[in-house]
Amino acid sequence: LGTQGFWVEMPNGNPFLVSMSPAVMAAGTAAVPGRAATVTGTVHAMNDSTLTAWTTAATVAENDRIVAEFATHYIEATEVTVAAAPGGAAGN
C-alpha cells in the first residue's frame, strides 16, 4: 500500500493492514509477497485523520486511499521482520 504499508493474511484468511512507522520505513524494510513476516506494533482503529495524514505525506497515493478505507483497524508496526526465502537471505 504505497510506501506506508502492506497487507498481511491472517490465519483465518482475512487481510489485515500494517502501517510501517517512520523508523521502519527509514530502515528500508520491505514486505515480500508470499513470505511470512513477524510484525510488532500497536493496533489502532482506522479513521479519516489517519488516511488524510498518509495521503498528505504521499506515502499512500490518493487513488490507493480507497483500498485503505476498507480497513477498520491497522497495526502501526515498530518492527517488521520478513522470513528468509528458501535458500536465501531474510529481509529486514
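Overview of the structure. (Residues numbered from 1 in each chain as written. Predicted model: local features only at pLDDT ≥ 70, side-chain atom pairs only at ≥ 80, totals over all residues. Heavy atoms only, no water.)

1. Considerations on the overall build of the protein
Heads up, the rule is: Every helix listed is a DSSP run of H or I at least four residues long, and every strand listed is a run of E at least two residues long, numbered separately from the N terminus. Both definitions apply: the radius of gyration is a C-alpha atom measure, and the globule rule equals 2.2 Å times residues to the power 0.38. Relative accessibility thresholds used throughout: buried, under 20% of the residue-type maximum; exposed, over 50%; partly exposed, between the two (1.4 Å probe, protein chains only). Contacts are assigned to residue pairs with any non-hydrogen atoms lying within 4.5 Å of each other.
Helices and strands together make up the secondary structure of the protein, namely 3 helices and 4 strands. In sequence order, the secondary structure elements of the protein are arranged as β-β-α-β-α-α-β. Against the compact-globule benchmark of 12 Å for 92 residues, the protein has a radius of gyration of 13 Å, which places it among compact chains. Overall, the protein is about 40 × 30 × 25 Å in size when its C-alpha atoms are taken along their principal axes. Within the span of the protein, comprising 92 residues, buried residues form 29% of the whole. Expressed as a percentage of contacts within the protein between residues at least 6 apart in sequence, the contacts between residues at least 24 apart total 67%.

2. Some details on the packing of aromatic side chains
Defined as follows: The pairing test for Phe, Tyr and Trp rings, Trp by its six-membered ring, is centres within 6.5 Å, and the orientation test on the planes gives stacked under 30 degrees, edge-to-face over 60, and tilted for anything in between.
Per the stated rule, a full pass over the model turns up 1 aromatic pair. Judged by centre distance (5.3 Å) and plane angle (75°), the ring pair of Trp-54 and Tyr-74 falls under edge-to-face. On the criterion of sequence distance, the pair formed by Trp-54 in helix α2 (residues 48-56) and Tyr-74 in strand β4 (residues 73-82) is long-range, its members being 20 residues apart. Since its relative accessible area comes to 8%, Tyr-74 is described here as buried.

Just geometry here; none of it tells us what the structure is for.
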